[in-house]
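Now for the letters of each chain:
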Amino acid sequence: MTGRGEDAFDGHLPTDTVLGQADIGVLAADRFGNLLYVNEYAGRLFRISGGVSRLAGSPVLSAGLFADDDLRKMEDLTAQVLRGRSWEGTFESTRGDGSRALVRALAVPLRRRGGDVDGMVILAREASKRGGQLQQDRIALLERVGERLAGSLEIGTTLKHVAEMLVPQFADHCFIDLYQGDQLIRRVQRHASDWVPPPGTWAQIGEPIRYPEGHWCQQAMARLDTVVVTELNFEHWPAPRLESLVAAREAGLTSVVAAPLYARGELLGVMCLALSRLTDRDDRHYGPPDRDLIGAIASRVAIAIDNAMLFETERQTALAFQKSLLPQAMPDLDGLEVACRYVPAKPGGAGGGDHGPAARGAPGVRAGREVPG
């Protein structure tokens, strides 16, 4: 019997003997994102025409891993892996023939012998294998989410759109919690059939919430990955507080899925969906395909939230600068009362301040004058 030493392995086993026959897509790239290797299965998965060898030296994106409206996921993946950490998630791919698919991927650092990160290796497979119309409906839902979020730069509107699309089509309950400093705050809560949780049970919008160790939302944030509870048993899962169980039992929760909201290396919060007995569904339980879909949706939501937060920060900076241009003191004129005010444009509007017909003087400054009778 051979021992578990180096003699037990053939150190000269050709790469394609293993990777070329594996039923999983394998792609390797240097630290600049140029492809070094693509196996045949990846070629079939992403429907690459002309053979995978033609991709040598091309950017990773040329393989069709990410849809055009999901490219920032690639930025997040690359940044995390080049820092020496693995990345796992679900995203939407636009394949070589124009079709779309949900892809589940694991990306790990590609290291030199000395340990320095020199690139990355991506292992990919098709996420949802449920057939026919159901799979098409899921892809369509993901596309609608992307369309609704594309032009949204206001966080409240962004989150409201997401909840409206998911309830009741895909969930009976939707919760979105975001960090404000080091505290998690409930930002969205939507329920099917106009159901309202009893007062004092589930956290309301604007209230802080703390998930205990072992809760599915806590696990999703700790792992930075989607967590599915197919069959919900309240005895096995801790609740944020004892009163929370009252609402859960009243609604008849049966299954939940929680996904972290993670963008550009920062955990923004968590999104949780639940099925219950509020609606008459054929299936009241989530499964692996749902895990992949919600993971992909959460990624899009996180990027939209991050964009909205960045826009709001820039807007507040611009607003502070523009207000600083106002006169600090009004002139004291006999018989006149002078006032000025700055009226900022609404988010998404053109221009800086109030340019209406009542404006006087410089744009954005409204001067009012009153002559005593």
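Computed from a predicted model, the values in this text were never measured in an experiment.

Attention now moves to the overall build of the protein chain. When helices and strands are counted, the protein chain shows eight helices and 12 strands. Across the 373 residues of the protein chain, 44% fall into the buried class. In the protein chain, the proportion of contacts linking residues at least 24 apart, taken out of those at least 6 apart, comes to 57%. Carbon and sulfur atoms make up 51% of the accessible area of the protein chain, which amounts to about 20,100 Å² in all.

Once that is clear, we can look at the side chain of Ser299. Among the structural elements, Ser299 can be located in helix α8 (residues 288-324). By relative accessible area, which is 14% here, Ser299 ends up buried. Excluding residues within four positions of it along the chain, Ser299 makes contact with Lys73 and Thr90.

With that out of the way, let us pick up unusual backbone geometry. Excluding glycine, a negative phi dihedral is what most residues carry, and trans is how most peptide bonds are arranged. For the bond running from Val167 to Pro168, omega is 5°, close enough to zero to count as cis. Looking at the element boundaries, Pro168 is found in the loop between α5 (155-166) and β6 (173-180). Positive phi, close to 50°, is recorded for Arg264, a residue that is not glycine. Inspection of the secondary structure assignment puts Arg264 in the loop between β9 (255-263) and β10 (266-275).

Let us look at the nonpolar core. Judged by nonpolar contacts, the single largest core of 40 residues is most densely connected at Ile176, Leu261, Met271, Leu273 and Ile297. Taken together, the elements giving at least two residues each to this core come down to α4 (132-150), α5, β6, β9, β10 and α8. The element that contributes the greatest number of residues to this core is α8, accounting for 11 residues. Filtering out sequence-adjacent residues up to four positions away, Leu273 remains in contact with Leu166, Phe170, Ala171, His173, Cys174, Ser255, Val256, Val257, Tyr286 and Ile294. With 25 residues, the next largest nonpolar core counts Ala29, Val38, Leu45 and Ala107 among its residues.

Following the sequence through the fold, Ala298 ends up in helix α8. Spatially, the C-alpha atom of Ala298 lies 8.4 Å from that of Val270, the residues being 28 residues apart in sequence. Apart from residues lying up to four places away in sequence, Ala298 is in contact with Ala259, Pro260, Leu261 and Met271.

Positionally, Cys340 belongs in strand β11 (residues 337-342). A residue is classified by how much of its surface remains accessible, and Cys340, at 27% relative accessible area, is partly exposed. Remark: the alpha-carbon pair of Cys340 and Pro327, spanning 13 residues in sequence, is separated by 8.2 Å.

Our next topic: the packing of aromatic side chains. Aromatic ring pairs are defined here through the distance separating the ring centres and the angle between the ring planes. Inspection of the entire model under this criterion finds four aromatic pairs. Here the aromatic residues Phe175, Trp195 and Trp202 are joined through ring pairs into a cluster of three or more.

Attention shifts here to the environment of Leu326. Within the secondary structure, Leu326 is located in the loop between α8 and β11. Taking the relative accessible area as the measure of exposure, Leu326 reaches 16% and is therefore buried. Spatially, the C-alpha atom of Leu326 lies 7.9 Å from that of Cys340, the residues being 14 residues apart in sequence.

With that settled, consider the sheet that holds strand β4 (residues 100-111). Here we have five strands laid out as an open sheet, ordered β2-β1-β5-β4-β3, and antiparallel in their pairing. Lying at the two open borders of the sheet, with one neighbouring strand each, are β2 (35-38) and β3 (87-94). Neighbour to neighbour, the strand axes of the sheet diverge by 25° on average, direction disregarded. Bridging between strand β1 (residues 25-30) and β2 involves three bridges; their strand directions are antiparallel. Looking at β2, one finds that Leu27 is bridged to Val38.

What counts, and where the lines are drawn
Residues numbered from 1 in each chain as written. Predicted model: local features only at pLDDT ≥ 70, side-chain atom pairs only at ≥ 80, totals over all residues. Heavy atoms only, no water. Helix = DSSP H or I, 4+ residues; strand = E, 2+ residues; numbered from the N terminus. Buried < 20%, exposed > 50% of the residue type's maximum accessible area, 1.4 Å probe, protein only. Contact = heavy atoms within 4.5 Å. Areas by Shrake-Rupley, 256 points an atom, 1.4 Å probe, with all protein chains shown as cover. Core = buried A, V, L, I, M, F, W, Y, C linked by side-chain atoms within 4.5 Å. Phe/Tyr/Trp six-rings, centres within 6.5 Å; stacked < 30°, edge-to-face > 60°. Pairing = 2+ DSSP bridges. Axes fitted to C-alpha atoms, helices over the stretch in contact; angles between N-to-C directions.

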